[in-house]
Amino acid sequence: MTFLTVLWDDSPGGNVEHIAGHGLTPEEVEDVLDDRDSRFAVSKSTGRPLAFGHTRTGRHILVAFDWIDKTTVYPITAYEVPEAGDEP
């Protein structure tokens, strides 16, 4: 799945700061959101869409995001997860 636009908020408390707190960069999150091999699911706890995949640096991460419209997403959080049993 390829998204045309990923929205980033680099203000204090925004999603850039939040994912940085998990040791990730916006580029790593976009790697997963733009990768056709990523797996998509829905969070059992929040109902948000999730993407599971690999960054170009080889890390396996989960990205929780919100749809803004058909071609735009807003990443909420992202963090590294094990590959096996990666359903939250």
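Only a predicted model underlies this, so the values are computations on that prediction, with no experimental measurement involved.

Reading the values: rules and limits
- Residues numbered from 1 in each chain as written.
- Predicted model: local features only at pLDDT ≥ 70, side-chain atom pairs only at ≥ 80, totals over all residues.
- Heavy atoms only, no water.
- Phe/Tyr/Trp six-rings, centres within 6.5 Å; stacked < 30°, edge-to-face > 60°.
- Helix = DSSP H or I, 4+ residues; strand = E, 2+ residues; numbered from the N terminus.
- Lys NZ or Arg CZ within 6 Å of the ring centre and 35° of its normal.
- Core = buried A, V, L, I, M, F, W, Y, C linked by side-chain atoms within 4.5 Å.
- Buried < 20%, exposed > 50% of the residue type's maximum accessible area, 1.4 Å probe, protein only.
- Contact = heavy atoms within 4.5 Å.
- Salt bridge = Lys/Arg side-chain N within 4 Å of Asp/Glu carboxyl O.

S.K.: Is there a simple way to explain the packing of aromatic side chains in this structure?
M.R.: We describe a pair of aromatic rings using the distance from one ring centre to the other and the angle between the two ring planes. The final tally for this structure, using the stated rule, is 2 aromatic pairs. Measuring from ring centre to ring centre gives 6.5 Å for Phe 40 and Phe 65, while their planes differ by 90°; the resulting arrangement is edge-to-face. Within this pair, whereas Phe 40 is found in strand 2 (residues 39-42), its partner Phe 65 is found in strand 4 (residues 60-69), the two being separated by 25 residues in sequence. Taken together, Phe 40, Phe 65 and Trp 67 form an aromatic cluster joined through their ring pairs. The ring of Phe 52 is capped by Arg 39, whose NZ or CZ atom sits 4.8 Å from the centre of that ring.

S.K.: Please clarify how the nonpolar core should be interpreted in this entry.
M.R.: Nonpolar side chains in soluble globular proteins generally cluster together in the buried interior. With 12 residues, the main nonpolar core is built from Val 6, Ile 19, Leu 24, Val 29, Val 32, Leu 33, Ala 51, Ile 61, Val 63, Phe 65, Val 73 and Ala 78. For this core, the secondary structure elements donating two or more residues are helix 2 (26-34), strand 4 and strand 5 (72-80). If we ignore the near neighbours within four places in the chain, the residues touching Ala 78 are Ile 19, His 22, Leu 24, Val 29, Leu 62 and Val 63. In terms of nonpolar packing, the next biggest core, distinct from the first, is built from 6 residues, Ala 41, Leu 50, Leu 62 and Ala 64 among them.

S.K.: Any chance you could explain the pattern of salt bridges here in plain terms?
M.R.: Any two side chains of opposite charge can pair, so long as their charged atoms come close to each other. Within the structure shown, the criterion is met by 4 salt bridges. The closest approach of N and O atoms between Arg 48 and Asp 66, which form a salt bridge, is 2.7 Å. With a gap of 18 residues between them, Arg 48 in the loop between strand 2 and strand 3 (49-54) and Asp 66 in strand 4 connect regions that are remote in the sequence. Taking relative accessible area as the criterion, Arg 48 reaches 28% and is therefore assigned partly exposed. Judged by its relative accessible area of 25%, Asp 66 falls in the partly exposed class. In this structure, a network of salt bridges that share partners links the residues Glu 28, Arg 59 and Glu 80.

That's the geometry; what it means functionally is another story.
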